[in-house]
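For reference, the chains in residue letters:
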Amino acid sequence: MLARLIILLLLSPASALAADWWSYDNAGFGYAIELPSEFHLSITPEDSDRLSLSPADRSASLQVFGTMIANGDFATEANGRVALARDEGWKISYAKSNSRGISFSGTRQGRIVYVRGVALCNGAAAFFQMDYSKTDMQRYDAVVMRLVRSLRSTKKCTPTAEIVKSFPATG
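S.K.: It is not clear to me how the overall build of the chain should be interpreted in this structure. Could you clarify?
M.R.: What the chain contains, in helices and strands, is four helices and 10 strands. Per-residue burial for the chain yields a buried fraction of 39% across its 171 residues. For the chain, restricting intrachain contacts to residue pairs at least 6 apart in sequence, the fraction spanning at least 24 positions comes to 44%. Carbon and sulfur atoms provide 56% of the accessible area of the chain, an area that totals close to 10500 Å².

Here's what the structure looks like:
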């Protein structure tokens, strides 16, 4: 009986944590991400593909958005975002990227920024950027890790060679 009670107690927080998130699916760009329910949403009027979120106490800000990449070159886009963050005064302390994704983080004036991006189909990409106070690091590190794990493409890309092969031969 005690073992069952311990198992129930161990599973209960995980179930509650899972219920505290909601899924956002951007069909236009073809990506999805799970978002914490404690963050309140406001869509920026001039860009309906950008979500701006923050908790009630405004201790953090979270931006989620899709974008078209110039020339479809994700590596150049990713490197440009790191350079922009540096230009904005962020001291980048971690950066990791490949042809399908990028993650980087840094600090500025007592705040932490974390950026994650994934390449999508048709020359697009999805990103989130979260910034919060260093004093809230323990509160938000788990949130950032879940955001990282959940940001994903929802479409399977078809390589150009396969598209060309599917057209009927003429002549």
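Additional details are given in the paragraphs that follow.
S.K.: Sorry if this is basic, but what is going on with the sheet that holds strand β1 (residues 21-26) here?
M.R.: The pairing of strands in a sheet comes from backbone hydrogen bonds and takes either a parallel or an antiparallel form. An order of β1-β2-β10 is seen for the three strands of this open sheet, with the pairing classed as antiparallel. Looking at the sheet topology across the chains shown, the edges are occupied by β1 and β10 (152-153). Here β1 pairs with strand β2 (residues 31-36) via six bridges, running antiparallel. Bridging from a neighbouring strand, N26 pairs with Y31 of β2.

S.K.: Just checking my understanding: could you explain the nonpolar core for this structure?
M.R.: Nonpolar side chains in soluble globular proteins tend to end up buried together. Formed by 27 residues in total, the largest nonpolar core has its most connected members in L35, L62, V64, F128, M130 and L147. Of all elements in the fold, only β1, β2, β4 (50-55), β5 (60-68), β8 (111-119), β9 (124-133) and α3 (137-150) reach the threshold of two or more residues within this core. M130 has contacts with F39, A60, S61, L62, I112, V113, Y114, Y140, V143, V144 and L147, leaving out every residue within four places of it along the chain. Within the second largest apolar cluster, 15 residues are counted, among which are A85, W90, I102 and A125.

S.K.: Would you explain the side chain of T67 in this entry?
M.R.: Here T67 lies in strand β5. With residues near it in sequence (within four places) discarded, T67 still touches F29, E77, R81, G123, A124, A125 and F127.

S.K.: Sorry if this is basic, but what is going on with helix α2 (residues 74-87) here?
M.R.: Residues three or four positions apart in an α-helix share a direction because the helix packs 3.6 residues into each turn. Over its 14 residues, α2 extends 20 Å from the first C-alpha to the last, a length consistent with the 20 Å expected when each residue adds 1.5 Å. If you check which residues of α2 are buried, you get F74, E77, A78, V82 and A85. Down the axis of α2, the buried set is contained in an arc of 135°. They therefore lie on one face. In this structure, the buried residues of α2 make contact with β5, β6 (91-98), β7 (101-108), β8 and β9. Put simply, D73 is the residue that caps the front of α2, since its side-chain oxygen is 3.3 Å from the backbone nitrogen of A75.

S.K.: Sorry if this is basic, but what is going on with the pattern of salt bridges here?
M.R.: When charged atoms on two side chains of opposite charge get close, those side chains can pair. Under the definition given, this model contains five salt bridges. For E38, the salt bridge identified is with R139, shortest N-O distance 3.2 Å. Here the residue E38 occupies a position in the loop between β2 and β3 (39-43), and R139 occupies one in helix α3, the gap between them amounting to 101 residues. Residue R139 is classed as partly exposed on the basis of its relative accessible area, which comes to 36%.

S.K.: Looking at this structure, I do not really get the pairing of β7. What am I missing?
M.R.: As a general feature of sheets, a regular strand has side chains that alternate between the two faces. Judged by how many residues are buried, β7 sits mostly within the fold: six of eight residues are covered. Note that β6 and β7 share seven bridges and pair antiparallel. Within β7, the residue paired with K96 across the bridge is S103. Between β6 and β7, which follow one another and run antiparallel, lie two residues. Here β7 runs beside β8; their pairing, made up of eight bridges, is antiparallel.

S.K.: Is there a simple way to explain the side chain of S105 in this structure?
M.R.: Note on placement: S105 falls in strand β7. When neighbours within four sequence positions are excluded, S105 is seen to be in contact with K91, I92, S93, Y94, V113 and Y114.

S.K.: In this structure, what is going on with the packing of aromatic side chains? I would like to understand it.
M.R.: Centre distance and the angle of the planes are the two values used to describe a pair of aromatic rings. Going through the model one piece at a time under the given rule, you end up with six aromatic pairs. Ring geometry for F39 versus Y140: centroids 6.0 Å apart, planes at 75°, classification edge-to-face. Here the residue F39 occupies a position in strand β3, and Y140 occupies one in helix α3, the gap between them amounting to 101 residues. The buried category is assigned to F39, whose relative accessible area is 2%. Both rings, one in F65 and one in F127, keep their centres 5.6 Å apart while their planes meet at 20°; by these two values the pair is stacked. In this pair, F65 sits in strand β5 while F127 sits in strand β9, placing the two residues 62 residues apart along the sequence.

Conventions and cut-offs
- Residues numbered from 1 in each chain as written.
- Predicted model: local features only at pLDDT ≥ 70, side-chain atom pairs only at ≥ 80, totals over all residues.
- Heavy atoms only, no water.
- Helix = DSSP H or I, 4+ residues; strand = E, 2+ residues; numbered from the N terminus.
- Buried < 20%, exposed > 50% of the residue type's maximum accessible area, 1.4 Å probe, protein only.
- Contact = heavy atoms within 4.5 Å.
- Areas by Shrake-Rupley, 256 points an atom, 1.4 Å probe, with all protein chains shown as cover.
- Pairing = 2+ DSSP bridges.
- Core = buried A, V, L, I, M, F, W, Y, C linked by side-chain atoms within 4.5 Å.
- Expected span 1.5 Å × (residues − 1).
- Arc of directions from axis to C-beta.
- Polar contact = N/O pair within 3.5 Å; in protein donor to acceptor, adjacent residues only side chain to side chain.
- Salt bridge = Lys/Arg side-chain N within 4 Å of Asp/Glu carboxyl O.
- Phe/Tyr/Trp six-rings, centres within 6.5 Å; stacked < 30°, edge-to-face > 60°.

Structural measurements only, silent on function.
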